[in-house]
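Chain by chain, the residues run as shown.
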Amino acid sequence: MSLLEISGVNKTFGGLKALDDVNLSVREGTVHAIIGPNGAGKSTLLNAIIGKLIPDNGTVTFNGEDIVGHKPHEINQAGISRVFQTPEIFGELSIMENMMIPLLAHRDGAFKMNPWKRSDDEADLIDKAHHFLDDVNLWGKKDTIAGSLSRGDKRRLELAMCLSQDPKLLLLDEPTAGMARADTNNTIDLLKQIASRGITMAIIEHDMHVVFSLAERISVLAQGHVIVEGTPEEIKVDPKVREAYLGGAEV
Amino acid sequence: MNTVATKKKDNLMVLIFAAVVLSMPVWLQPFGAAYPDLMQKFVIFGLFAVGFNILFGQTGYLSFGHAAFIGVGSYATVWVFKLYTMNIVPAILFGVLVSGVFALVIGFICLRRTGIYFSILTLALAQMSYNLAYSVLTPITNGETGLQLSLDDPRAWDAAQVQGEGIPATNFFGMEMSAWDGLFGFYVCAAVLILGFYISVRITRSSFGSMLRGIKTNQQRMTYTGLNTRPYALSAFVISGMYAGLAGSLMAAVDPLAGAERMQWTASGEVVLMTILGGVGTLIGPVLGAAVIKYFENIFSAINTSVLADFYSFLPDGLIDIFVGVSALFVGKGWHLTLGLMFMLVVIFLPGGIMEGIDRIKNRFAKKPQQD
């Protein structure tokens, strides 16, 4: 069954067709990679999914429900979490507080007035934060201000924040961009481990090593249009993909 | 150094805060500031700044119109004095309620925008309220004269009591605010400040407080974390508006009249200065900032050339005139100059305000034992 179904989505900025009749479906429990050259519309597509921008037409169906036009926080509450290309974390707050906010949002919903209970009394949530921070090796730094972390740690923190919400679909925008090889491999292992828990993932990635290590399905986007969709083996040998990437450079 | 806030540390902080505030009549003695009028100003404006900090310091929304809520609180309180009772408790509760409703309306409009546009909207609406108070709202505000008590006010709930001649005084269940040479009024205000401070500590440490800081730090992340930021920001706005209304009500409780000048934009700007001077986002900073600014406004402005001449009397004759001449620029009417210079120095060297200065000193002392 497909968890996310994008059909006939168009988005035009001025005269530029950023998304041109995009059809894509992400099956439940799979890792789906979206690849394509720069400017192919990959990030625009993610923005259309999470409600950051509204497509001109077409439908985005998540879990059987059309989510086009819903507010970003409603889409997240429905079960879609996104890791951004540049980590979006709460830079002035401690790692622990960074974790508490998504955990509270997951437990209490989009808005709950709770101005009296101390957040250090929320033992359940603290346990959960401990669990998810352990996954990314950040529990030891829980009182560090998040803005002072290294770029890699910021990414891991953001990932832990997204995972703590128990998402049905996790969107990752270039999770290894700018990482050293060793760090990249660690991240691949971590993502594999997450995938093995049955969390559906859609990944935008330039690094083919990452893509072929993780993805079960791949969609290739070029000039706002999905030109091919298939298994990694099919994509590797597809001539249209080579064409899209600078007229046949080695993929 | 462990900087994590715990319940124990917070309770200790509130206790120390209470002790310092309540003992003001003693330790302000050497500063020449231990008279009730000024101490009331310290605590009332401290309360205003504590509330303002919930919006500005925690949530990151800089309002330039918070004095409007002071005005609304004052007017509402004086009306209760006039119509129903001179007891301050119902009057203050009503003042806080009305300013809360007013804040809900203003906040609903202004929070459609963030950053500088939000600030300008609050400024515009507050100036509008100020001008309305002088013009079309005269039946409610009594325009330029200000809203005052008069002998023939109904005071419906007090009618049963035997009234002496003259306008009765504001009281706390029979205890007049001016009792103990005005100190009783100060202690009532001080108790309210301590309560207000405790509430702000609880808000800061709660999950609601986390949400407010999340909004300040990264609104985009909040949204994509499934949080509806608008009602959180609006709640912070209303809470801080109610604090401002409470401050306005207390002003009316110790001195039962209300004038539109309290709502002017300079008063709104003053609380911004207080918060920045003391330390934005810190718990105690805004209270300190309020005290420093009110101290300058009342003490430095009262220093005149003869006081200066006394101060420099140890110098030879020729020099006295020069020193007095130069110093006179900074005191009396020139107190704004001193305040301005101090504000510049703090912003440039201590962006975290007075609290950052205190933290630096603390750290310097705390580090020494570790090095040994």
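About the cut-offs
- Residues numbered from 1 in each chain as written.
- Chains lettered and ligands numbered in written order.
- Predicted model: local features only at pLDDT ≥ 70, side-chain atom pairs only at ≥ 80, totals over all residues.
- Helix = DSSP H or I, 4+ residues; strand = E, 2+ residues; numbered from the N terminus.
- Rg over C-alpha atoms; globule rule 2.2 N^0.38 Å.
- Contact = placed C-beta atoms within 7 Å.
- Axes fitted to C-alpha atoms, helices over the stretch in contact; angles between N-to-C directions.
- Left-handed = near helix turned anticlockwise from the far one by under 90°.
- Nonpolar A, V, L, I, M, F, W, Y, C, P; charged D, E, K, R; others polar.
- Core = buried A, V, L, I, M, F, W, Y, C linked by C-beta atoms within 7 Å.
- Buried ≥ 20, exposed ≤ 12 C-beta atoms within 10 Å, placed from the backbone.
- Domains from an automatic or database assignment.
- Pairing = 2+ DSSP bridges.

1. So, the overall build of chain A
And then number 1: A tally of helices and strands in chain A yields nine helices and ten strands.
And then number 2: For 251 residues, the compact-globule estimate of 2.2 N^0.38 gives 18 Å, and the C-alpha radius of gyration of chain A, at 19 Å, lies within 12% of that figure.
And then number 3: Here the C-alpha coordinates of chain A stretch approximately 60 × 40 × 35 Å along the principal axes.
And then number 4: By sequence separation, contacts in chain A at least 24 residues apart represent 67% of the contacts at least 6 residues apart.

2. Observations regarding the packing of helix α3 (residues 95-108) of chain A against helix α4 (residues 123-135) of chain A
Residue and element names in this part refer to chain A.
And then number 1: The geometry of α3 relative to α4 is characterised by a closest axis approach of 10 Å and an angle of 115° between their N-to-C directions. Crossing geometry of α3 relative to α4 is assigned as right-handed. The segment α3 lies against α4, with I95, M96, M99, M100, L103, L104 and R107 engaging L125, K128, A129, F132 and L133.
And then number 2: Counted by class, the contact of α3 with α4 contains ten nonpolar, no polar and two charged residues.

3. What about the nonpolar core?
And then number 1: In terms of nonpolar packing, the biggest core is built from 174 residues, with F48 and A247 of chain B touching the most fellow members.
And then number 2: Here the element with the most residues in this core is helix α11 (residues 229-254) of chain B; it accounts for 16 residues.

4. Structural notes on the domain arrangement of chain B
All names here are of chain B.
And then number 1: If you check the domain split of chain B, you get domain 1 (7-282) and domain 2 (299-372).
And then number 2: The centre of domain 1, based on its C-alpha atoms, is set 29 Å off from the matching centre of domain 2.
And then number 3: Facing nine residues of domain 1, the contacting portion of domain 2 comprises nine residues.
And then number 4: Across the side of domain 1 that touches domain 2, the residue classes tally to five nonpolar, four polar and no charged.

5. Observations concerning the sheet that holds strand β1 (residues 2-13) of chain A
Residues and elements named next belong to chain A.
And then number 1: With antiparallel pairing, four strands are arranged side by side in an open sheet as β2-β1-β4-β5. The strands lining the two open edges of the sheet, one partner per strand, are β2 (16-27) and β5 (65-66).
And then number 2: Direction of pairing for β1 relative to strand β4 (residues 57-62): antiparallel, over a ladder of five bridges. Residue pairing for β4: N10 is matched across the bridge by N57.

6. Some thoughts on the pairing of strand β9 (residues 217-222) of chain A
Consecutive side chains of a regular strand alternate in pointing toward one face of the sheet and then the other.
Residue and element names in this part refer to chain A.
And then number 1: With six of six residues buried, β9 is to be regarded as a mostly interior element.
And then number 2: Side chains R217, S219 and L221 project from β9 onto one buried face, and the interleaved I218, V220 and A222 project onto a second face that is buried too.
And then number 3: Examined bridge by bridge, strand β3 (residues 31-35) and β9 share four bridges and lie parallel to one another. Pairing of I34 across the sheet is with S219, part of β9.
And then number 4: As judged from the five bridges shared by β9 and strand β10 (residues 225-230), these two strands associate in the antiparallel manner.

7. Overview of the interface of chain A and chain B
And then number 1: Contacts between chain A and chain B engage 30 residues on the former and 26 residues on the latter.
And then number 2: Those elements that provide at least two residues to the side of chain A that touches chain B are α2 (72-78) and α3 of chain A.
And then number 3: Of the residues forming the side of chain A that touches chain B, the biggest block, six residues, is contributed by α3 of chain A.
And then number 4: By residue class, the composition of the side of chain A that touches chain B is 15 nonpolar, seven polar and eight charged.

8. Things to note about the environment of A33 of chain A
All names here are of chain A.
And then number 1: Tracing the sequence through the fold places A33 in strand β3.
And then number 2: A count of 23 C-beta atoms within 10 Å places A33 in the buried class.
And then number 3: Linking A33 and T86, residues 53 residues apart in sequence, is a C-alpha distance of 19 Å.
And then number 4: Discounting chain neighbours no more than four positions away, the residues touching A33 are I203, E205, V211, L214, A215 and I218.

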